[in-house]
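Descriptive structure summary
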Amino acid sequence: MASTQLSPDCSTSATTARHLIPLTRKLLCPTTRHVSFERSLSSPWTPSLCLSPSVSKYRTAVSAADSSSMTTTATTANIIDGKLISKQIKDEVSAEVVRLKEATGVVPGLAVILVGSRKDSQTYVRNKKKACEAVGIKSYEANLPEDCTEAEVLRHIEEFNKDPEVHGILVQLPLPRHMNEERILTGVSIQKDVDGFHPLNIGRLAMQGRDPLFVPCTPKGCIELLHRYNIDIKEKRAVVIGRSNIVGMPAALLLQKANATVSMVHSYTKFPEEITRQADIVISAAGVANLVRGDWLKPGAVVIDVGINPVDDADSPRGYRLVGDVNFEEASKVASYITPVPGGVGPMTIAMLLSNTLLSAQRIHNFK
């Protein structure tokens, strides 16, 4: 069989034995191809089950038998509804924000630093601000010009580090080419690193017996979806496609902490389809449209698709449509559970950011 080769750089735009989100959870029952990666920017909790009427038409209830028998052939996958779960999380965060304010007078605050005028980054920041307002979290912004210096960015970070009303700091990525991303991210206090990108937080995530103060939002959202659908991770085989610092690597670490046996598929992996086909759980974060085909998957696998890729579509008013890394039409005939694109992992990222900001405020003020 010919090897499927992946180009040199694969990158994209939980958890431990304790809760990473201090919220009450309302869970849902819930032929070899030659491809290439292209570069793109980019505590387990114990679930209880109830079936939401709004998603009952899409899926059947998850039982212990369902989650322990992922090898059973499925004709049509159950949809993992990220929009619904993110709404639940936002409602939970909103309730906790009220409880914190009533007990202590403290309102969680999130500061976002935006450098430059990229339209996509501006949209992300605007959406984060709206999400904060919706759950009662204060939002702060620092908008800096594209040609500003690292020193200016670091000065704003330090101001937010010292501000007692700011509990979380987020530097919108990507940064302009003339800036050292690592130096900028390291400037954020680990106590306010709600994006989870500080080297100390990532280091703690990688070590046994250590817990990070914060987990990166997108991979945390992936694991949260698995838990909310009562999908077992322990003792399962998992494959993560893509090894970026933002998604792939932390997702693999989170799966390991949840006692899965984890393999990573990346740009130098030979026969990636053969490795992926062994997995009970697949998380794809490569940033390549329709990379994962139906015959890459083990029957009954659970598929979490992180990719958001534009493809030409003459029938769309925008001239394109968004698809994931996974060929949904093919995969949904093989998988037991699958996230759609859009509407799967995407909404979870901001929900996890809000959750991390709340967690920071609670920790700083010693509120449980």
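Residues numbered from 1 in each chain as written. Predicted model: local features only at pLDDT ≥ 70, side-chain atom pairs only at ≥ 80, totals over all residues. Heavy atoms only, no water.

Glancing now at the packing of helix H2 (residues 82-104) against helix H7 (residues 217-228). Where H2 contacts H7, the axes come no closer than 11 Å and their chain directions differ by 95°. The angle between H2 and H7 falls in the class roughly perpendicular. Within the contact between the two elements, H2 uses Gly-82, Ile-85, Gln-88, Ile-89 and Glu-92 and H7 uses Glu-224, Leu-225 and Arg-228. The residue makeup of the contact of H2 with H7, split by class, is three nonpolar, two polar and three charged. (Axes fitted to C-alpha atoms, helices over the stretch in contact; angles between N-to-C directions. Helix = DSSP H or I, 4+ residues; strand = E, 2+ residues; numbered from the N terminus. Parallel < 35°, antiparallel > 145°, perpendicular 65-115°, else oblique. Contact = heavy atoms within 4.5 Å. Nonpolar A, V, L, I, M, F, W, Y, C, P; charged D, E, K, R; others polar.)

Residues with a pLDDT of 70 or more make up 80% of the protein, whose mean pLDDT is 84. Note that pLDDT drops below 50 for residues 1-27; the model gives that stretch 129 contacts with residues more than four away or on any other chain. (pLDDT = per-residue confidence, 0-100.)

Taking strand neighbours across the sheet as the criterion, the three strands line up as E3-E2-E4 in an open arrangement whose pairing is parallel. Looking at strand neighbours, the two that pair on one side only are strand E3 (138-144) and strand E4 (168-171), the edges of this open sheet. For this sheet, the mean angle separating the axes of adjacent strands, direction not counted, is 15°. In terms of strand pairing, strand E2 (residues 109-115) meets E4 through four bridges, oriented parallel. Looking at the pairing, Ile-113 lines up with Val-171 of E4. Those strands touched by helix H4 (residues 150-162) are E2, E3 and E4, and its axis lies near 165° from that of E3. (Pairing = 2+ DSSP bridges.)

Moving on: the sheet that holds strand E8 (residues 302-305). What the six strands build is an open sheet, ordered E1-E11-E8-E7-E5-E6; its pairing is parallel. Each edge of the open sheet carries a strand with a single partner, namely strand E1 (78-79) and strand E6 (261-265). Sheet topology places strand E7 (residues 281-284) next to E8; four bridges connect them, and they run parallel. Following the sheet pairing, Ser-284 is matched in E8 by Asp-305. Contacts from helix H8 (residues 248-257) reach strand E5 (237-241), E6 and E7 within the one sheet, and its direction differs from that of E6 by about 165°.

Turning next to the pairing of E3. Relative to E3, E2 runs parallel, the two sharing seven bridges. Note on E3: the bridge partner recorded for Gly-109 is Lys-138. In this fold, E2 hands off to helix H3 (residues 119-135), which returns the chain to E3; that crossover is right-handed. (Right-handed = clockwise from strand over helix to strand, strands pointing away.)

This part is about unusual backbone geometry. Leaving glycine out, the prevailing phi sign among residues is negative, and the prevailing peptide bond configuration is trans. The omega angle of the peptide bond from Leu-173 to Pro-174 is 5°, so this bond is cis rather than trans. In this fold, Pro-174 is placed in the loop between E4 and helix H5 (181-186). Geometrically, the link from Val-341 to Pro-342 is a cis peptide bond, its omega value of -5° lying close to zero. The backbone of Asn-230 shows a phi angle near 60°, a positive value even though the residue is not glycine. Take Asn-230: it is sitting in the loop between H7 and E5. Even without being glycine, Asn-290 reaches a positive phi, approximately 55°. By the secondary structure assignment, Asn-290 is in the loop between E7 and E8.

To describe a pair of aromatic rings, one takes the distance between the centres and the angle between the planes. Throughout the structure, instances matching the rule amount to one aromatic pair. Across the ring face of Phe-214, the terminal group of Arg-363 is positioned such that the distance to the ring centre comes to 5.1 Å. (Phe/Tyr/Trp six-rings, centres within 6.5 Å; stacked < 30°, edge-to-face > 60°. Lys NZ or Arg CZ within 6 Å of the ring centre and 35° of its normal.)

Further remarks concern the environment of Pro-212. Positionally, Pro-212 belongs in the loop between helix H6 (199-206) and H7. Given the relative accessible area of 7%, Pro-212 is considered buried. Not counting chain neighbours up to four residues away, the residues in contact with Pro-212 comprise Asn-201, Arg-204 and Leu-205. (Buried < 20%, exposed > 50% of the residue type's maximum accessible area, 1.4 Å probe, protein only.)

Time to look at the environment of Asn-356. Residue placement: Asn-356 occurs in helix H11 (residues 346-364). A C-alpha to C-alpha distance of 7.9 Å links Asn-356 and Gly-168, two positions 188 residues apart in sequence. The contacts of Asn-356, once residues within four sequence positions are left out, are Val-194, Phe-214, Val-215, Cys-217 and Lys-220. At 2.9 Å, the side chain of Asn-356 forms a polar contact with the backbone oxygen of Val-194. Within polar-contact distance, the side chain of Asn-356 engages the backbone oxygen of Val-215 at 3.2 Å. (Polar contact = N/O pair within 3.5 Å; in protein donor to acceptor, adjacent residues only side chain to side chain.)

Before going further, it helps to spend a moment on the pairing of strand E9 (residues 309-312). Across the two faces of E9 the burial differs, with Asn-309 and Val-311 buried and Pro-310 and Asp-312 not buried at all. With four bridges joining them, E9 and strand E10 (residues 320-323) adopt antiparallel strand pairing. Looking at E10, one finds that Pro-310 is bridged to Leu-322.

Relative to the assigned elements, Asp-193 resides in the loop between H5 and H6. Look at Asp-193: it is buried, it has no salt bridge, and the nearest opposite charge is Arg-363 at 9.5 Å. Polar contacts involving the side chain of Asp-193 include one to the side chain of Asn-201, which spans 2.8 Å. Apart from the residues within four sequence positions on either side, Asp-193 is in contact with Val-188, His-198, Asn-201 and Phe-214. (Lys, Arg positive; Asp, Glu negative; His and termini not counted. Salt bridge = Lys/Arg side-chain N within 4 Å of Asp/Glu carboxyl O.)

What the rule picks out here adds up to twelve salt bridges. Here Glu-330 and Arg-293 are joined by a salt bridge, their closest N and O atoms 2.7 Å apart. Remark: Arg-293 occurs in the loop between E7 and E8 and Glu-330 occurs in helix H10 (residues 328-331); sequence separation between them is 37 residues. For Glu-330, a relative accessible area of 24% translates into the label partly exposed. Relative accessible area serves as the criterion here: at 22%, Arg-293 is assigned to the partly exposed category. Taken together, the shared-partner salt bridges in this structure form one network comprising Glu-92, Glu-224 and Arg-228.

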